[in-house]
Amino acid sequence: MNREPRVVIIGAGVAGIATAVTLQRAGFHDFTILEKGSDVGGVWHWNRYPGLTCDVPSQLYQFSFAPKPDWSGLFAPGAEIQRYLRDVVDREGVADRLRLDAEVRSAVFTGSSWRITTSDGSELDADFLISATGVLHHPFTPDIPGLDTFAGDVVHTARWDDGVVTDGRRIAVVGTGSTGVQVVSALQPGSAHISHLVRSPQWIIWAPMGLRQPALLGRLLRKAPAVHRRIYGLLLRGSRILTDIALRPTRQRWLAQRYARLCLRIQVRDHELRDSLTPDYEPFCKRQVVSSSYYRAIRAENAELVTSSIDQVTPGGIRLSDGREIEIDLLILATGFHTHHYMRPMNLRGRDGISIDDAWAKGPRGYRMTAIPGFPNLFTVLGPNSPTGSVSLQYSSELTARYITHWLRRFRDGEVDTVEVTEEATAKFNDDVAVALGPTVLNTGCNSWYLTDEGNVDLWPYDRKTMAAMLHRPDDRDFHLQKGGGL
Ligand code: NAP
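Residues numbered from 1 in each chain as written. Predicted model: local features only at pLDDT ≥ 70, side-chain atom pairs only at ≥ 80, totals over all residues. Heavy atoms only, no water.

Asks: So what about the pattern of salt bridges? Which residues, and what values?
Replies: Pairing is possible between side chains of opposite charge, provided their charged atoms come close. What the rule picks out here adds up to 30 salt bridges. Asp478 is the partner of Arg368 in a salt bridge, and the nearest nitrogen-oxygen pair spans 4.0 Å. Of this pair, Arg368 sits in the loop between α11 (356-359) and β21 (378-380) while Asp478 sits in the loop between α14 (464-470) and β23 (479-482), and the two are 110 residues apart along the sequence. The class for Asp478 is buried, based on a relative accessible area of 14%. Ionic pairing is found between Lys483 and Asp417, a salt bridge with its closest N-O pair at 4.0 Å. Taken as a pair, Lys483 in the segment after β23 and Asp417 in the loop between α12 (393-412) and β22 (418-421) lie far apart in primary sequence, 66 residues in all. On the accessibility criterion, Lys483 (42% relative accessible area) is partly exposed. What makes Asp417 buried here is its relative accessible area of 14%. (Salt bridge = Lys/Arg side-chain N within 4 Å of Asp/Glu carboxyl O. Helix = DSSP H or I, 4+ residues; strand = E, 2+ residues; numbered from the N terminus. Buried < 20%, exposed > 50% of the residue type's maximum accessible area, 1.4 Å probe, protein only.)

What follows is the structure in structure tokens.
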């Protein structure tokens, strides 16, 4: 028997594009990518706030199958990454499989396949459903009293309004993650005044974020693809330092934490300001913030670090808990995302009608980032426990997609009709993850977006080699396989 599996991929961000191209290159062509946005890119499509720059070196922040030698800088701006992703989709010939403005409203397992319904009411049937919906997608807007009474402009960084004027205005920025730090650094020079409202300061390490890549280097690397591939390989291997920092209390972690403290001490000489900027948890516990300009921006004459909490937003500004009122024209919320809403709010129903909300009532939980008990022939790419800041997301996506192609091949060859990860294998994986998370820096007592509502760290606690071994090929003992008929 030989049949082509019908596949639907949800999402055309980094994970979705990696999946589509991997499938295509493995000889699977009957797939459709459904993307709710008006263009590809995921976070790099939705985010376009001033200052948006990727803090991962561009020569690493690329797919292994689509090397780009000629980035404009060591760290590329967001718009350039979005263009790269669009270019990959076009060049790899998957654009005609892409449907934009197509939000998936429901995906229901019928007993043998998936029925997917999109926002315009169209229906698709698929043998396999691959969810590549990402984590940093649904903007989180805090419930600040009086927010709706503000007479000026309010904008969330993840839904930036290009019409909003920033120059010459009095601005307040709430939030001090990677986004808040980038937006404050970008807007301070042109603003009349900028107040950065910081509930919990972050450690901010210095890196040459503005360093340009010489055009000549790009041209030379384009002429020498083997050298370029070697550089990519070296960077991938070199990024192991991030794993060493994250996973165990190694010397590398000690040195990196020293560096973070030194960055603050050297760049902020004023003791009062430095105290206000000093976090009460270990460096690298939260997703590490990288910047070459924030400390300079916050020291500027027209900038102020505000550590008093927000009491209320008023028509003219923000009243603080210390009774002071800051008058502003523009309020920017750099307050992050609902990070554990993978796939929601779609109505996702697996075997026997079980909903993802019920399956994940105690928080997101999967097997090796990619399979969920109760949801046959569904796989996630960059699903629960995916790495952030320790292993390349492109690498992880490609690896997971290749893992999924094993199942597609077996379906094509008529070996299996449906495949579902067992509860036992998932429980064991999650128990092992909990143990492995113990000595990680992520578990050293900070409040971060990695934590689920239940207080679990939703991240990858292993190195790249372990990831590659776990996703090398499926282990049949961990799955219920079904041939001919339902599960
Ligand atoms: P985030 O790290 O979750 O930060 C959200 C910020 O909002 C925190 O400082 C939080 O304070 C604050 N906040 C939330 N509610 C608040 C309230 N009611 N009052 C005051 N402050 C409030 O979000 P993010 O900065 O958007 O970054 C998310 C992730 O996106 C990053 O960690 C990174 O993985 C990714 N990112 C990457 C880049 C890049 O260059 N590669 C750039 C931007 C973002 P608390 O800490 O006190 O909760």
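We are not done yet, so read on.
Asks: Go over the domain arrangement of the chain, please, and point to the residues and values.
Replies: According to the domain assignment, the chain contains domain 1 (7-38 + 100-136 + 338-482) and domain 2 (147-211 + 220-333). The gap between the C-alpha centroids of domain 1 and domain 2 is 31 Å. Listed per partner, the contact involves 21 residues of domain 1 and 20 residues of domain 2. Among the salt bridges present, the one from Arg240 reaches Asp463, with a minimum N-O distance of 3.4 Å. The interface formed by domain 1 and domain 2 contains 7 residue pairs in polar contact (both at pLDDT 80 or more). A per-class count over the side of domain 1 that touches domain 2 returns 10 nonpolar, 9 polar and 2 charged. (Domains from an automatic or database assignment. Contact = heavy atoms within 4.5 Å. Polar contact = N/O pair within 3.5 Å; in protein donor to acceptor, adjacent residues only side chain to side chain. Nonpolar A, V, L, I, M, F, W, Y, C, P; charged D, E, K, R; others polar.)

Asks: Explain the sheet that holds strand β9 (residues 153-156) to me, and be specific about the residues and the numbers.
Replies: With parallel pairing, 5 strands are arranged side by side in an open sheet as β9-β18-β10-β11-β14. A strand with exactly one partner marks an edge of an open sheet, and here the two such strands are β9 and β14 (303-306). Neighbour-to-neighbour, the strand axes of this sheet turn through a mean angle of 15°, independent of strand direction. Two elements, strand β11 (residues 193-197) and β14, share 4 bridges in a ladder whose sense is parallel. Within the sheet, the bridge partner assigned to Ser195 lies in β14 and is Glu304. (Pairing = 2+ DSSP bridges. Axes fitted to C-alpha atoms, helices over the stretch in contact; angles between N-to-C directions.)

Asks: Explain the sheet that holds strand β20 (residues 347-349) residue by residue, including any values.
Replies: Spatial ordering of the open sheet is given by β6-β5-β4-β20, a layout of 4 strands whose pairing is mixed. This sheet does not close on itself; its edge strands, each paired only once, are β6 (123-126) and β20. Between one strand and the next, the sheet's axes are offset by a mean angle of 15°, whatever the strand orientation.

Asks: Give a description of a positive patch on the surface that names residues and reports values.
Replies: A cluster of basic side chains, namely Arg258, Arg261, Arg265 and Arg269, defines a positive patch on the protein surface. Positionally, Arg258 belongs in helix α8 (residues 251-267). (Patch = residues over 30% accessible without salt bridge, like charges linked within 9 Å, V, L, I, M, F, W, Y side chains within 5 Å. Areas by Shrake-Rupley, 256 points an atom, 1.4 Å probe, with all protein chains shown as cover. Lys, Arg positive; Asp, Glu negative; His and termini not counted. Charge placed at Lys NZ, Arg CZ, Asp CG, Glu CD.)

Asks: Explain the pairing of β22 to me, using residue names and the numbers behind them.
Replies: Of the two faces of β22, the one lined by Thr418 and Glu420 and the one lined by Val419 and Val421 are each fully buried. In the sheet, β22 pairs with β23 via 4 bridges, with the strands oriented antiparallel. Looking at β23, one finds that Glu420 is bridged to His480.

Asks: Run through the state of the cysteines, naming residues and quoting values.
Replies: Taken as a whole and assessed by the stated rule, the structure comprises 1 disulfide. Cys285 shares a disulfide with Cys446; S-S distance 2.1 Å. Residues Cys285 and Cys446 are joined through a disulfide that is left-handed, its torsion about the S-S bond being -90°. Of this pair, Cys285 sits in the loop between α9 (271-277) and β13 (289-290) while Cys446 sits in the loop between α13 (423-437) and α14, and the two are 161 residues apart along the sequence. Cys446 matches Cys285 in its accessibility class, with the two residues each being buried. With no disulfide of its own, Cys263 has Cys285 as its nearest cysteine by sulfur position, at a separation of 18 Å. What makes Cys263 buried here is its relative accessible area of 5%. (Disulfide = S-S within 2.5 Å.)

Asks: If you had to explain the packing of aromatic side chains to someone new, which residues and values would you point to?
Replies: Under the definition given, this model contains 15 aromatic pairs. Where Phe128 meets Phe411, the ring centres are 5.4 Å apart and the plane angle is 85°; that geometry is what we call edge-to-face. Of this pair, Phe128 sits in strand β7 (residues 128-131) while Phe411 sits in helix α12, and the two are 283 residues apart along the sequence. Relative accessible area serves as the criterion here: at 0%, Phe128 is assigned to the buried category. It is Arg3 that lies over the ring of Phe411; its NZ or CZ is 3.7 Å from the centre. It is Arg464 that lies over the ring of Tyr395; its NZ or CZ is 4.9 Å from the centre. (Phe/Tyr/Trp six-rings, centres within 6.5 Å; stacked < 30°, edge-to-face > 60°. Lys NZ or Arg CZ within 6 Å of the ring centre and 35° of its normal.)

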